[in-house]
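Here's the letter readout for the chains.
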Amino acid sequence: MPGLLRGVARTAVVAGTATAVSNRVSRRQAGRWAAQDQQAAAADQYYAQQAPPPPPPPAPAPSAGDEMSNKIAQLKELGELKEQGVLTEEEFAAQKSRILAS
């Protein structure tokens, strides 16, 4: 019987030691994961506080050809309005000079 008691005691000690080591490893790993989570959260917060990106550059100015075709289209529309009787000769002349001056 003393041999059996010694075997049971030894098994209990080994099992207790294994449980203690396993628990300690689990706690250390959980602590490491928590630290990594805190670092990631701090980095996310840092980047969220950074200034927004600069606005996109302005659209290029229309070329001379685009401006000319735009003026021609406006003059054609103005001429149609005059032909329909919507604009008088004076109004037509004033609008035409405004378009050509721009």
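Residues numbered from 1 in each chain as written. Predicted model: local features only at pLDDT ≥ 70, side-chain atom pairs only at ≥ 80, totals over all residues. Heavy atoms only, no water.

Concerning the overall build of the protein chain
Argument step 1. Counting its secondary structure elements, the protein chain contains three helices and zero strands.
Argument step 2. When the helices and strands of the protein chain are listed from N to C terminus, the series reads α-α-α.
Argument step 3. Expressed as lengths along the three principal axes of its C-alpha atoms, the size of the protein chain is roughly 125 × 25 × 20 Å.
Argument step 4. Buried residues in the protein chain amount to 6% of all 102 residues.
Argument step 5. Just so you have it, the protein chain exposes about 8900 Å², and 61% of that area is on carbon and sulfur atoms.
Argument step 6. Put simply, the protein chain has 11 plus and 10 minus side-chain charges, and the middle of one group is 38 Å from the middle of the other. (Helix = DSSP H or I, 4+ residues; strand = E, 2+ residues; numbered from the N terminus. Buried < 20%, exposed > 50% of the residue type's maximum accessible area, 1.4 Å probe, protein only. Areas by Shrake-Rupley, 256 points an atom, 1.4 Å probe, with all protein chains shown as cover. Lys, Arg positive; Asp, Glu negative; His and termini not counted. Charge placed at Lys NZ, Arg CZ, Asp CG, Glu CD.)

Notes on the packing of aromatic side chains
Argument step 1. Inspection of the entire model under this criterion finds zero aromatic pairs.
Argument step 2. Above the plane of the ring of Phe-92 lies Lys-82, whose end atom (NZ or CZ) is 5.0 Å from the centre. (Phe/Tyr/Trp six-rings, centres within 6.5 Å; stacked < 30°, edge-to-face > 60°. Lys NZ or Arg CZ within 6 Å of the ring centre and 35° of its normal.)

Things to note about the pattern of salt bridges
Argument step 1. Taken as a whole and assessed by the stated rule, the structure comprises one salt bridge.
Argument step 2. Note that Lys-82 is salt-bridged to Glu-89, the shortest N-O span being 2.9 Å.
Argument step 3. The exposure class of Lys-82 is partly exposed, given its relative accessible area of 31%. (Salt bridge = Lys/Arg side-chain N within 4 Å of Asp/Glu carboxyl O.)

Things to note about a positive patch on the surface
Argument step 1. The grouping of Arg-24, Arg-27, Arg-28 and Arg-32 at the surface amounts to a positive patch.
Argument step 2. By the secondary structure assignment, Arg-28 is in helix α1 (residues 2–49).
Argument step 3. The exposure class of Arg-28 is partly exposed, given its relative accessible area of 45%. (Patch = residues over 30% accessible without salt bridge, like charges linked within 9 Å, V, L, I, M, F, W, Y side chains within 5 Å.)

Quick notes on the side chain of Lys-71
Argument step 1. Within the element layout of this structure, Lys-71 appears in helix α2 (residues 64–83).
Argument step 2. At 4.9 Å, Glu-67 is the nearest oppositely charged side chain to Lys-71, a buried residue that forms no salt bridge.

Some points on the environment of Gly-65
Argument step 1. Note that Gly-65 resides in helix α2.
Argument step 2. A C-alpha to C-alpha distance of 73 Å links Gly-65 and Ser-26, two positions 39 residues apart in sequence.

Quick notes on the environment of Ile-72
Argument step 1. Here Ile-72 lies in helix α2.
Argument step 2. You can call Ile-72 partly exposed: its relative accessible area is 40%.
Argument step 3. Separated by 19 residues in sequence, Ile-72 and Glu-91 have C-alpha atoms that sit 18 Å apart.

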